[in-house]
Amino acid sequence: MTTARRLPDPYSSDGGGANLADILERVLDKGIVIAGDIRINLLDIELLTIKLRLVIASVDKAKEMGIDWWEDDPALSVSAKRRQLSDENEQLKAHIAELEAARGREPARESHKESHDGE
């Protein structure tokens, strides 16, 4: 007599398959790229193209691949925010120096006006 064998359930939590933590660890260690394009055409006229690129990886793996854009984004990096504020501060100081230099020349013209007004 033959008994029916049941295939293992891929979603079961028994020790036979990899659990979610193992899969996530592998994905983050190796990295994964998901790419796709969406194009909308009407009568052979391209109306819209959307290019989607998604990279899932650990920070270390991303840096190995040369992806480190978050280090230069002031919204995500304290050091980038400090650099941005420092650059802005230097620009403001330069602008103030220009305004003060221009103002230093203006009083001569104003005093010239006052001498004519006083007459």
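All values derive from a computational prediction rather than experimental measurement. (Residues numbered from 1 in each chain as written. Predicted model: local features only at pLDDT ≥ 70, side-chain atom pairs only at ≥ 80, totals over all residues. Heavy atoms only, no water.)

A short note on the overall build of the protein
A tally of helices and strands in the protein yields three helices and two strands. Ordered by position from the N terminus, the helices and strands of the protein form the series α-β-β-α-α. Here the protein, with 119 residues, has 3% of them falling under the buried criterion. Across the protein, the fraction of contacts at a sequence separation of at least 24, relative to all contacts at a separation of at least 6, is 17%. In the structure as shown, the protein presents an accessible area of about 11,100 Å², 55% of it carried by carbon and sulfur atoms. (Helix = DSSP H or I, 4+ residues; strand = E, 2+ residues; numbered from the N terminus. Buried < 20%, exposed > 50% of the residue type's maximum accessible area, 1.4 Å probe, protein only. Contact = heavy atoms within 4.5 Å. Areas by Shrake-Rupley, 256 points an atom, 1.4 Å probe, with all protein chains shown as cover.)

A look at the confidence of the model for the protein
Model confidence for the protein is summarised by a mean pLDDT of 78, while 73% of its residues fall at 70 or above. At the low end of the mean pLDDT range in the protein sits helix α3 (residues 78–118), at 77; at the high end sits strand β2 (residues 45–56), at 87. Long-range and interchain partners of residues 107–112, a stretch whose pLDDT sits below 50, account for zero contacts in this model, where long-range means more than four residues apart. (pLDDT = per-residue confidence, 0-100.)

Overview of unusual backbone geometry
Unusually for a residue other than glycine, L43 sits at a positive phi of about 55 degrees. Among the structural elements, L43 can be located in the loop between β1 (32–42) and β2. The phi dihedral of D44 is positive, around 60 degrees, even though this residue is not glycine. For D44, the position within the fold is in the loop between β1 and β2. D44 gets classed as exposed once you look at its relative accessible area, which sits at 79%.

Description of the pattern of salt bridges
Any two side chains of opposite charge can pair, so long as their charged atoms come close to each other. Applying the stated criterion to the full structure yields five salt bridges. One salt bridge connects D37 with R53, and the closest N-O pair in it is separated by 3.0 Å. Taken together, the residues D37 in strand β1 and R53 in strand β2 connect sequence positions 16 residues apart. D37 sits in the partly exposed class, given a relative accessible area of 39%. Its salt-bridge partner being K63, residue E71 comes within 3.0 Å of it at the nearest N-O pair. E71 sits in the partly exposed class, given a relative accessible area of 30%. Accessibility expressed as a relative area gives 43% for K63, which makes it partly exposed. (Salt bridge = Lys/Arg side-chain N within 4 Å of Asp/Glu carboxyl O.)

Here's the deal with the side chain of S77
Tracing the backbone through its elements, the reader meets S77 in the loop between α2 (59–64) and α3. Of the residues examined, S77 reaches a relative accessible area of 12% and is grouped as buried. There is a polar contact of 3.1 Å between the side chain of S77 and the side chain of S79. (Polar contact = N/O pair within 3.5 Å; in protein donor to acceptor, adjacent residues only side chain to side chain.)

Regarding the pairing of β1
Note that β1 and β2 share 11 bridges and pair antiparallel. Looking at β2, one finds that N41 is bridged to E46. The turn joining β1 and β2, which pair antiparallel and follow one another in sequence, is formed by two residues; a positive phi near 55 degrees is taken by L43. (Pairing = 2+ DSSP bridges.)

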